[in-house]
Structure formats: structure tokens, C-alpha cells
Amino acid sequence: MKTVIVGYGSMGHEIEAVLLGRGHEVICRVDPAGNGDARELSTEILKEAEGVIEFALPGGILDNIRVYSEASVPVVIGTTGWDKLRPQAAEIVRQYGSALLWGNNFSLGANLFFDLVSRAAALINGIEEYDIMVNEYHHKRKKDSPSGTALTIAEKILQNLDRKKSIQTETLNRAIRDDELHVGSVRGGAIPGIHQVTLDSEADSIEIIHTARNRKGFALGAVRGVEWLSGKTGFFSVDDFIRDILPS
Ligand SMILES: NC(=O)C1=CN([C@@H]2O[C@H](COP(=O)(O)OP(=O)(O)OC[C@H]3O[C@@H](n4cnc5c(N)ncnc54)[C@H](OP(=O)(O)O)[C@@H]3O)[C@@H](O)[C@H]2O)C=CC1
Ligand SMILES: O=C(O)C1=N[C@H](C(=O)O)C[C@H](O)C1
């Protein structure tokens, strides 16, 4: 497949290695910092492309999505920090009849972890003794907070645990309310990503932790995602993709 990489930072480089390893061709790398072949995305760049993988920053993401859609090139978006713009993005993709797959975490392990967390939250729905909280750790270069993965985890907990109604991410200068889910974020060092969910009672504590050892798992998931997306139309989440590839 002739691919274009948008965002040629840590993830862009990792994705290039996986694409080449799986027999794909990289025809252009787009990055405003000047590390790639082009500083700006355009329909011209996408003329020959059969797939795009974007792991960049969220500024201008709706403009990018319009360009991918206009060019009718299937795109996988791993960029985080644009959760609130999802409905507008879905509308653009619908208007053009194009194909987009987005995910806050493309690693298989993190997606298995989401399932475990959903089940854990559902299990304590009828057990009032347990409270639940989320914490995440990432490298010091990360620009968004909380991580996209933490927001997905929070969404799964809110969907499965009736007594949690909203999330709290900022420093609290008051006690947390029982209907609030606290999501903590720590930044430092070179950590590729640790997400921790704690179920806590007077008697004990249960921890579910996903630790990314490197960025390969994210990159492999994204490349498998663009292979899966080829020939489809629609606005898909990584849930749709993972459900489809896992044996039932
Ligand atoms: N979904 C997933 O599985 C994962 C998602 N991510 C997400 O991927 C994104 C990138 O992560 P990472 O590679 O570590 O970050 P980096 O900072 O290493 O790289 C991002 C690159 O994208 C460039 N960029 C910024 N805006 C645009 C744009 N509009 N178009 C093209 N390129 C752009 C940046 O340029 P400049 O420096 O000039 O701003 C930078 O070179 C983040 O949002 C991160 O949260 C990361 C890992 C896994
Ligand atoms: O920026 C990162 O590095 C990561 N970002 C994603 C996120 O925001 O959840 C996925 C992974 O945790 C690494």
C-alpha cells in the first residue's frame, strides 16, 4: 500500500519502520518541523496515496480530516486530544463518504485492558464498598493531559458504573464527591505510557495496570488498522477494528 505519514515525530518514525516491515511503501512524510518531505498537508500530496496514518498534534485536525476526505484516502488517526471534536469529524467523513479509523490507543494490550476495566467497573456496580480511580504516567514531552487513553478508560468506567457521573482531572482543593471519578496525570522521564485503575475498599485494593514497554505496539496496531480500513467507508473507532480482528 502507498502510504503517507502525517506527524513525523516519535510515533511517525515507529510507524514508518512497521509499514516498511510489512511491505508497504511510504510516499510522503508530512511534518511542520521540517523533518519530513513536506511541511503542510495538501490534496496534491495525497494524489497517489492509498492510506494515511496520522500521529500528530490536534491543532487543525478538522482541516486535516477534510483534506483526507476530499482526497478519498482512508486515514487512521492516533493523534489524541480532540475528543470533543469527534461529532464534527464524523459529519465530515459522512459528507464525503470517506473512511476514518480513530483510536486513543492502538495497542492490542491496551484494548484488552479497556475490556478488563469495563468488566471491573460493571462488577462493582452493585458493591458499594469499592471506589474506583484512574492514574496515568507519561514521558515529559507529552503535550496533552489527561492522556487520550485515560479519557477512554474514564468513558468505559462511566458507561459501566452507575454511581460515577463525571470525571475530575484538575487538582482538587476539596474532597472528591462519590459521583466523581478522579483521573490523575503525571509527566516525567521517558515513560511510553502507564495506565492504572484502582478499585479500593476499607479492606483491600485491586489494581489493573497496562504498561507499554515501547511504542511498537501502538505502531503495529495503527498499521494493521490502515490495512483493515482499506476498501471500507465510514467513521470507525478502534473498538470496531479490535472487535473485528479478535476471534469470537
Ligand atoms: N493512539 C495511540 O495509540 C497513540 C497516540 N499517540 C499520540 O500521537 C501523537 C504524536 O505522538 P508523538 O509522536 O509521541 O509526538 P511527537 O511530539 O514526537 O511528534 C508529533 C509530530 O507531529 C508534528 N505535528 C504537529 N502538528 C502537526 C500537524 N498538524 N500535521 C502534521 N504534523 C504535525 C509535530 O511537529 P512540531 O514538533 O513542529 O509540533 C511533531 O513532529 C500525540 O497526540 C500522542 O498522544 C502516541 C502514541 C500512541
Ligand atoms: O503521547 C503518548 O506517548 C501516548 N499517547 C496516547 C495517549 O494519549 O493515550 C497513547 C499512549 O499512552 C502514548
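Residues numbered from 1 in each chain as written. Chains lettered and ligands numbered in written order. Predicted model: local features only at pLDDT ≥ 70, side-chain atom pairs only at ≥ 80, totals over all residues. Heavy atoms only, no water.

Per an unreviewed UniProt entry, the chain carries the name 4-hydroxy-tetrahydrodipicolinate reductase and comes from Marispirochaeta aestuarii. As its UniProt record puts it under Sequence similarities (unreviewed entry), the chain is described as follows: "Belongs to the DapB family." As its UniProt record puts it under Pathway (unreviewed entry), the chain is described as follows: "Amino-acid biosynthesis; L-lysine biosynthesis via DAP pathway; (S)-tetrahydrodipicolinate from L-aspartate: step 4/4." (UniProt positions renumbered as here; feature names shortened; annotations may be inferred.)

1. Considerations on the overall build of the chain
Regarding its fold elements, the chain presents 7 helices and 11 strands. Here the C-alpha radius of gyration of the chain, 19 Å, is about what a compact globule of 248 residues would show, namely 18 Å. Across the 248 residues in the chain, those meeting the buried criterion constitute 48%. Taking the contacts inside the chain whose residues are at least 6 apart along the sequence as the reference set, 65% of them involve residues at least 24 apart. Here the chain has roughly 12400 Å² of accessible surface; of this, 50% comes from carbon and sulfur atoms. The positive charge centre, built from 27 side chains, and the negative charge centre, built from 34, are 3 Å apart in the chain. (Helix = DSSP H or I, 4+ residues; strand = E, 2+ residues; numbered from the N terminus. Rg over C-alpha atoms; globule rule 2.2 N^0.38 Å. Buried < 20%, exposed > 50% of the residue type's maximum accessible area, 1.4 Å probe, protein only. Contact = heavy atoms within 4.5 Å. Areas by Shrake-Rupley, 256 points an atom, 1.4 Å probe, with all protein chains shown as cover. Lys, Arg positive; Asp, Glu negative; His and termini not counted. Charge placed at Lys NZ, Arg CZ, Asp CG, Glu CD.)

2. Points about the pairing of strand S8 (residues 180-187)
Pairing between strand S6 (residues 131-138) and S8: 5 bridges, direction parallel. If you follow His-138 over to S8, its bridge partner there is Arg-187. Looking at chain direction, strand S7 (residues 166-168) and S8 are connected through 3 bridges and run parallel. Residue pairing across strands places Ile-167 opposite Leu-181, the latter belonging to S8. (Pairing = 2+ DSSP bridges.)

3. Description of the site of ligand 2
Of all residues adjacent to ligand 2, which total 13 residues, the nearest are His-138, His-139, Lys-142, Gly-148 and Thr-149. Within the side chain of Thr-149, one N or O atom sits 2.4 Å away from an oxygen atom of ligand 2. Notes on ligand 2: free accessible area 320 Å², of which the protein chains cover 85%. Comparing atom positions with the cavity grids shows ligand 2 to sit within the largest pocket. (Near = heavy atom within 4 Å. Polar contact = N/O pair within 3.5 Å; in protein donor to acceptor, adjacent residues only side chain to side chain. 1 Å grid on protein atoms, 1.4 Å probe; cavity = no way out; pocket = protein on both sides within 12 Å on 5 of 7 lines; lining within 4 Å. Sits in = over half its atoms within 2 Å of the grid points.)

4. Here's the deal with the domain arrangement of the chain
Segmenting the chain into domains produces domain 1 (2-106 + 215-245) and domain 2 (108-211). Taking only C-alpha atoms, the centre of domain 1 and the centre of domain 2 are 27 Å apart. Listed as interface residues are 13 residues of domain 1 and, on the opposing side, 15 residues of domain 2. Buried area between domain 1 and domain 2, summed over both chains or domains, comes out near 1100 Å², and the portion from carbon and sulfur atoms is 46%. When the buried area of domain 1 at its contact with domain 2 is split by residue, Asn-104, Asn-105 and Arg-215 rank highest and sum to 38% of it. Across the contact surface, domain 1 and domain 2 share 1 salt bridge. Where Asp-239 meets Lys-156, a salt bridge forms, and the shortest distance between an N and an O atom there is 2.9 Å. Scanning the region where domain 1 abuts domain 2 turns up 8 residue pairs in polar contact (both at pLDDT 80 or more). With 3 residues, the single largest contributor to the side of domain 1 that touches domain 2 is helix H7 (residues 238-245). Among the residues making up the side of domain 1 that touches domain 2, the classes are represented as 5 nonpolar, 5 polar and 3 charged. (Domains from an automatic or database assignment. Buried area = accessible area lost by both parts, 1.4 Å probe. Salt bridge = Lys/Arg side-chain N within 4 Å of Asp/Glu carboxyl O. Nonpolar A, V, L, I, M, F, W, Y, C, P; charged D, E, K, R; others polar.)

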